[in-house]
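Secondary and tertiary structure notes
Chain by chain, the residues run as shown.
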Amino acid sequence: VLSLVLLIVCFGLTANSQQPTANDDAPLWMRYNVISPQGDKIAFAYKGDIYVVDADGGLARQLTTSTAYDFNPIWSNDGRYIAFATDRNANFDVYVVSVDGGVAKRVTTNSASEMPLAFSTDDSMIYYSANIQKDADNVQFPTGWMRELYKVPVDGGRPQQVTAVNVCSMSLDKDGESFLYYDQKGGEDDWRKHQISSVARDIVYYDAKEKTHTILTTNIGEDRDPRFLPSFEDLVFLSEGEGGNFNVYKAKVDDINNAEQITNFPSYPVRFLTVSNNGLLCYGYQGEIYTQT
């Protein structure tokens, strides 16, 4: 069942709906939407602030208010806190705020721009990416878009580098340390569509015990935003296949190249795919937010 989440009402749609009819007064270009682990709420960015709305739709509640640009929210596993990126200190830093509101607390302090990716499974750490310092053994040519993965205590403190490889989004495995992610091989614009080239992004699995990175996808188009489903044996991800539009695909983790396409939006890309602990999908399309079971 596919549903369009609006700030005022929720429209029920069929799984094959392509161009839903929304309320003309409803706001558009809600971005960076992410569903809570419990599947009951969705956080998103709108006009430089963070909002939260019930997953069933309704009135959204503004969580941050500042003259800075706040975006890229992520949920803690207990659903009590949201971390996000903000340029309140010129560069982007990671802040944390209670889902009930209040004063946001700064977590990272480096002058590089830091982007939150995930909370650790026990909610004690926040994973984030930043271009700070490559490992001495890393063979990648240092450049601004080649970031590293770090983790830092939620209350702030000294960060720890997890890997020098550029990690774009992440979904932790059941061991709490290994994860799925998508890579970045070149400096292409993040919003480029229909890319077919040697630097098209792929889904990768990082084995924390072995410290190995295994590329899982082989198609020549873009693959992004991998998310484990509750079984940890299956995943969903966004793919352009061989030059199509970004849509949602589902596959076995160990057989990702035999994926099943589960959305069919023909004209524009699906973005910002996330999944709750009960398997409810959430993604953005044409500036609106959708859920799908």
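Note on numbering: residues in each chain are counted from 1, in written sequence order. Given that the model is predicted, a residue must reach a pLDDT of at least 70 before its local features are reported, and side-chain atom pairs must reach 80 or more before they are shown or counted; all residues, however, enter totals for whole chains, interfaces and linings. The basis for every side-chain value is the complete set of heavy atoms in the structure, and neither hydrogens nor water enter the calculation.

1. Things to note about the nonpolar core
Counting residues in hydrophobic clusters, the biggest one holds 19 residues, and the most contacted among them are Val52, Phe71, Trp75 and Ile82. Once residues within four sequence positions are removed from consideration, tryptophan 75 is found in contact with Val34, Ile35, Ser36, Pro37, Lys41, Ile42, Ala43, Val52, Tyr81, Ile82, Val99 and Phe119. Within this scheme, the nonpolar core is defined by two criteria: the residues are buried Ala, Val, Leu, Ile, Met, Phe, Trp, Tyr or Cys, and they are joined through side-chain atoms within 4.5 Å. Think of it in three bands: residues with accessible area under 20% of the maximum for their type are buried, residues over 50% are exposed, and the middle band is partly exposed, with areas taken using a 1.4 Å probe on protein chains only. Counting 15 residues, the second largest nonpolar core, distinct from the first, contains Leu238, Val248, Phe265 and Val275. Residue contacts follow a heavy-atom distance rule, with two residues in contact if any of their heavy atoms lie within 4.5 Å.

2. As for the side chain of glutamate 114
In this description a helix means any DSSP run of H or I spanning at least four residues, a strand means any run of E spanning at least two, and both kinds are numbered starting from the N terminus. Mapped onto the fold, glutamate 114 is located in the loop between β10 (105-106) and β11 (115-119). Under the counting rule used here, the positive set is Lys and Arg, the negative set is Asp and Glu, and His together with the chain ends is not counted. Whenever Lys or Arg places a side-chain nitrogen within 4 Å of a carboxyl oxygen from Asp or Glu, that contact is recorded as a salt bridge. Of the buried charged residues, glutamate 114 lacks a salt bridge, with arginine 106 as the closest side chain of opposite charge at 6.3 Å. Here the side chain of glutamate 114 touches threonine 108 through a polar contact of 2.7 Å, side chain to side chain. N or O atoms within 3.5 Å of each other form a polar contact, as long as, within protein, one can give a hydrogen and the other can take it, and as long as residues adjacent in sequence are counted only when both atoms are side-chain atoms. Within the structure, the side chain of glutamate 114 is placed 3.4 Å from the backbone nitrogen of asparagine 110, a separation counted as a polar contact.

3. Side note on the sheet that holds β11
Strands qualify as paired when DSSP identifies two bridges or more between them. The strand order β11-β12-β13-β14 describes an open sheet built from 4 strands, whose pairing is antiparallel. Both outer strands of the open sheet, β11 and β14 (160-163), are each paired with one neighbouring strand and no more. Each neighbouring strand pair of the sheet contributes to a mean axis angle of 35 degrees, computed without reference to strand direction. Taken together, the 3 bridges between strand β13 (residues 148-153) and β14 define a ladder with antiparallel strand orientation. Across the sheet, residue lysine 151 finds its bridge partner in β14, namely glutamine 160. Every angle, taken between N-to-C directions, lies between 0 and 180 degrees, and every axis is a line fitted to C-alpha atoms, over only the stretch in contact when it is a helix.

4. Considering unusual backbone geometry
Phi angles above zero are rare outside glycine, and tryptophan 29 is one such case at about 60 degrees. Structurally, the position occupied by tryptophan 29 is in the loop between β2 (10-13) and β3 (31-35). Exposure remark for tryptophan 29: the relative accessible area of 52% places this residue in the exposed category. Its identity as a non-glycine residue notwithstanding, aspartate 123 has a phi of 65 degrees, on the positive side. By the element assignment, aspartate 123 lies in the loop between β11 and β12 (125-130). Taking the relative accessible area as the measure of exposure, aspartate 123 reaches 16% and is therefore buried.

5. As for the side chain of glutamine 292
Looking at where glutamine 292 falls in the secondary structure, it is placed in strand β25 (residues 288-292). With relative accessibility at 6%, the residue glutamine 292 sits in the buried group. Within the local environment of glutamine 292, its side chain forms a polar contact with the backbone oxygen of isoleucine 262, the two atoms lying 3.3 Å apart. A polar atom in the side chain of glutamine 292 sits 2.7 Å from the side chain of tyrosine 283. For glutamine 292, the residues in contact, after removing those within four places along its chain, are Val1, Leu2, Ile262, Thr263, Gly279, Leu280, Leu281 and Tyr283.

6. Focus: the sheet that holds strand β22 (residues 255-261)
Taken in spatial order, the 4 strands make up an open sheet running β19-β20-β21-β22, and their pairing is antiparallel. Since the sheet does not close on itself, it has two edges, and those belong to β19 (223-228) and β22, each with one partner. On average, adjacent strands in this sheet sit at an angle of 35 degrees to one another, irrespective of strand direction. In terms of strand pairing, strand β20 (residues 234-239) meets strand β21 (residues 247-252) through 6 bridges, oriented antiparallel. Among the inter-strand pairings, valine 236 is bridged to a residue of β21, identified as lysine 250.

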